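Breakdown of the fold
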Amino acid sequence: GDSVTQMEGPVTLSEEAFLTINCTYTATGYPSLFWYVQYPGEGLQLLLKATKADDKGSNKGFEATYRKETTSFHLEKGSVQVSDSAVYFCALKGSRGSTLGRLYFGRGTQLTVWP
Amino acid sequence: ETGVTQSPTHLIKTRGQQVTLRCSSQSGHNTVSWYQQALGQGPQFIFQYYREEENGRGNFPPRFSGLQFPNYSSELNVNALELDDSALYLCASSNVPGGGQSPLHFGNGTRLTVT
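From a predicted model like this one, the values you see are computed outputs, not experimental measurements. (Residues numbered from 1 in each chain as written. Chains lettered and ligands numbered in written order. Predicted model: local features only at pLDDT ≥ 70, side-chain atom pairs only at ≥ 80, totals over all residues. Heavy atoms only, no water.)

**Overview of the overall build of chain B**
- Of regular secondary structure, chain B possesses zero helices and eleven strands.
- Scanning chain B from its N terminus toward the C terminus, one meets helices and strands in the order β-β-β-β-β-β-β-β-β-β-β.
- Here chain B has a C-alpha radius of gyration of 13 Å; the compact-globule value for 115 residues is 13 Å, and the two agree.
- Referenced to the eigenvectors of the C-alpha coordinate spread, the extents of chain B come out at roughly 40 × 25 × 25 Å. (Helix = DSSP H or I, 4+ residues; strand = E, 2+ residues; numbered from the N terminus. Rg over C-alpha atoms; globule rule 2.2 N^0.38 Å.)

Dropping the structure here:
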């Protein structure tokens with residue numbers, strides 16, 4: 001079935017360091033892919049999305065490219081800030097049959113950025 | 001436009017009791033779905049409602065039930081609460097029933113603790 005495997009955390013970086021959080025997926029059909037962010041005590045906020053192969057989603061300096069050949073959607077940011085400290089979730093939206101419209105999430109990666 | 005709002009924000013119940021959680025969808029959204037997020041985990045799909053009918057369900061027992069009202073607000077009911085039901089319950093809405101590539105917009109969740 002559809003699933004997402006996400007890099008285990010926690011990840012600790014210094015401010016202005018480069019960030020990569022790996023995400024790979026398994027899916028039937030043509031899923032849409034998302035990154036969500038969760039700040040302490042809050043719900044999920046959509047960070048970026050990509051709806052088809054080779055699409056690049058970007059927002060607030062974060063980027064991720066939908067790679068069908070490697071079934072990946074890695075999150076990157078060139079220079080992280082303290083305010084980026086949060087939990088990041090990779091997710092796919094099912095596109096067929098019983099998976100239609102459902103979001104499948106990875107386990108989340110805790111990012112802590114130190115000044 | 002108003003976002004997704006959930007109530008209450010926190011709730012403490014005793015094992016065996018019943019609980020009702022509420023969600024108001026984002027304006028113009030006719031599809032609502034519910035997710036359970038256990039501590040340290042990614043959210044898991046419970047079910048989805050479109051035009052007051054359930055149109056998708058995850059791997060949750062029948063004691064998890066829901067309703068969607070004509071104004072597209074929704075309730076999640078859980079009977080015979082168990083300790084493992086302690087989690088953050090997230091409601092999400094969209095304007096595309098089931099399919100489509102639009103992202104889901106989440107509320108801040110209800111934190112349920114079962115003692």
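Moving on from the coordinates now.
**Thoughts on the pattern of salt bridges**
- By the definition in use, this model includes seven salt bridges over all chains.
- In this structure, the salt-bridge partner of K52(A) is D55(A), at a minimum N-O distance of 3.3 Å.
- Overlapping salt bridges bring together R63(B), E82(B) and D85(B) as one network. (Salt bridge = Lys/Arg side-chain N within 4 Å of Asp/Glu carboxyl O.)

**Some remarks on the sheet that holds strand β8 (residues 74–78) of chain B**
All names here are of chain B.
- Read from one edge of the open sheet, four strands run β1-β3-β8-β7, paired in antiparallel fashion. Two strands lie at the open edges of the sheet, namely β1 (5–7) and β7 (64–68), each paired on one side alone. Neighbour to neighbour, the strand axes of the sheet diverge by 20° on average, direction disregarded.
- Across five bridges, β7 lies against β8 in antiparallel orientation. (Pairing = 2+ DSSP bridges. Axes fitted to C-alpha atoms, helices over the stretch in contact; angles between N-to-C directions.)

**Focus: the side chain of S25(B)**
- Residue placement: S25(B) occurs in the loop between β3 (19–24) and β4 (31–37).
- Looking at S25(B), its side chain comes within polar contact range of the main-chain oxygen of Y72(B), at 2.9 Å. (Polar contact = N/O pair within 3.5 Å; in protein donor to acceptor, adjacent residues only side chain to side chain.)

**Topic: unusual backbone geometry**
All names here are of chain A.
- Omega for the bond connecting G9 with P10 falls within 30 degrees of zero, at -10°, which places this linkage in the cis form.
- A positive phi angle, close to 80°, is found at E16, a residue other than glycine.
- Counting through the fold element by element, E16 comes out in the loop between β2 (11–14) and β3 (19–21).
- On the accessibility criterion, E16 (60% relative accessible area) is exposed.
- Backbone geometry places K60, a non-glycine residue, at a positive phi of 55°.
- With respect to the helices and strands, K60 occurs in the loop between β7 (56–59) and β8 (62–65). (Buried < 20%, exposed > 50% of the residue type's maximum accessible area, 1.4 Å probe, protein only.)

**Topic: the environment of V113(A)**
All names here are of chain A.
- Residue position: V113 is located in strand β12 (residues 109–114).
- For the pair V113 and I21, spaced 92 residues apart in the sequence, the C-alpha separation amounts to 14 Å.
- Apart from the residues within four sequence positions on either side, V113 is in contact with L13, S14, E15, V80, Q81, V82 and S85. (Contact = heavy atoms within 4.5 Å.)

**Thoughts on the nonpolar core**
- With 26 residues, the main nonpolar core has L19(A), W35(A), L48(A), F73(A), L75(A) and Y88(A) as its most contacted residues.
- Where this core is concerned, the elements lending two or more residues are β2, β3, β4 (23–26), β5 (32–38), β6 (44–50), β8, β10 (86–93) and β12 of chain A.
- In terms of residue count, the dominant contributor to this core is β10(A) (four residues).
- Listed in part, the 19 residues of the second largest apolar core include F64(B), L81(B), Y89(B) and L112(B). (Core = buried A, V, L, I, M, F, W, Y, C linked by side-chain atoms within 4.5 Å.)

**Regarding the sheet that holds β7(A)**
Residues and elements named next belong to chain A.
- Across the sheet, four strands lie side by side as β3-β9-β8-β7; this open sheet has antiparallel pairing. The open sheet has two edge strands, β3 and β7, and neither has a second partner. The mean angle between the axes of side-by-side strands here comes to 15°, regardless of whether they run parallel or antiparallel.

**Here we look at the interface of chain A and chain B**
- The interface is formed by 19 residues belonging to chain A together with 22 residues belonging to chain B.
- When chain A packs against chain B, close to 1,700 Å² is buried across both sides, 51% of that on carbon and sulfur atoms.
- Counting every contact that joins chain A to chain B gives zero salt bridges.
- Taken together, the connections running from chain A to chain B amount to five residue pairs in polar contact (both at pLDDT 80 or more).
- For the side of chain A that touches chain B, the secondary structure elements donating two or more residues are β5, β6, β10 and β11 (103–105) of chain A.
- Top contributing element to the side of chain A that touches chain B by residue count: β5(A), with four residues.
- When the residues that make up the side of chain A that touches chain B are grouped by side-chain class, the tally is eight nonpolar, six polar and five charged. (Buried area = accessible area lost by both parts, 1.4 Å probe. Nonpolar A, V, L, I, M, F, W, Y, C, P; charged D, E, K, R; others polar.)

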